[in-house]
Amino acid sequence: MTNPDPSKYYVFYDGECGFCNFWVHWILKKDSKNNFLFAALQSDFGQQFLRERNLEVKNLSTLYLWKPEKYYLQKSQAVFKICELIGGSYQLLSYLRFLPTALTDFFYDSVAANRKKLNSGACEIPTAEERKKFIE
C-alpha cells in the first residue's frame, strides 16, 4: 500500500451495495473527529488490502476496519470498533463486542447475506469534502 496514514482508520466495504453505501454515509456524517477513510473492496486499494492479508478477494460481504501498523478487524468486531470511535450514545453499542464473536458474527452474516434486499434504493452522492475521504 502506498503510504497509508497511520492516524486514520480505513473502512473497506462492498462498493456496489446500496445498503453498505448507506452505512458508509452514516459513518461520514457521524465522523466528527475525522477518523475514517473509505475504500470499496472492489477498488485497487481494497483488493491490495485483501491480497496482502491472504483474504478472499471475491468475498465482498465482509466489512473490514484497518488501523495501519496496528490491526484490522472484520465483521461485527469492525462494527463495534466503529461505534466506539464515533462515540456518544453509539459507544454503548461497542460493549456488544464482549459477546462471543461467533454469536455476533452470526447476526452480521445474516444481515450481510440479505444486504442486497435491504438496499435503500438510491445512493447518496458525497460532497466534495467527503469525496476526499475515499481511496481508489
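Just so it is clear, the model here is predicted, and its values are computed rather than measured.

1. Here's the deal with helix α2 (residues 44-52)
No. 1: When α2 is considered as a whole, its buried residues turn out to be Phe-45, Gly-46, Gln-47, Phe-49 and Leu-50.
No. 2: Elements that come into contact with the buried residues of α2 comprise β1 (9-13), β2 (36-40), β3 (64-67) and β4 (71-74).
No. 3: Positive backbone phi, at 55°, marks Asn-54, one or two positions downstream of α2.

2. A look at the nonpolar core
No. 1: Val-11, Tyr-13, Phe-36, Phe-38, Leu-63, Leu-65 and Ile-82 are the most contacted members of the largest nonpolar core, which has 20 residues in total.
No. 2: When neighbours within four sequence positions are excluded, Ile-82 is seen to be in contact with Val-11, Ile-27, Phe-36, Leu-63 and Leu-65.
No. 3: Counting eleven residues, the second largest nonpolar core, distinct from the first, contains Phe-12, Ala-39, Leu-55 and Tyr-64.

3. Let's talk about the pattern of salt bridges
No. 1: Per the counting criterion, the structure on display carries six salt bridges.
No. 2: A salt bridge links Glu-52 to Arg-53; the shortest N-O distance between them is 3.7 Å.
No. 3: What makes Arg-53 partly exposed here is its relative accessible area of 21%.
No. 4: Across the pair Lys-81 and Glu-84 runs a salt bridge whose closest N-O atoms are separated by 3.4 Å. Taken together, the positions of Lys-81 and Glu-84, both in helix α3 (residues 75-86) and three residues apart, correspond to about one turn of that helix.
No. 5: Taking the relative accessible area as the measure of exposure, Lys-81 reaches 18% and is therefore buried.
No. 6: It is possible to trace a salt-bridge network through shared partners that takes in Lys-81, Glu-84 and Arg-97.

Conventions adopted
Residues numbered from 1 in each chain as written. Predicted model: local features only at pLDDT ≥ 70, side-chain atom pairs only at ≥ 80, totals over all residues. Heavy atoms only, no water. Buried < 20%, exposed > 50% of the residue type's maximum accessible area, 1.4 Å probe, protein only. Helix = DSSP H or I, 4+ residues; strand = E, 2+ residues; numbered from the N terminus. Contact = heavy atoms within 4.5 Å. Core = buried A, V, L, I, M, F, W, Y, C linked by side-chain atoms within 4.5 Å. Salt bridge = Lys/Arg side-chain N within 4 Å of Asp/Glu carboxyl O.

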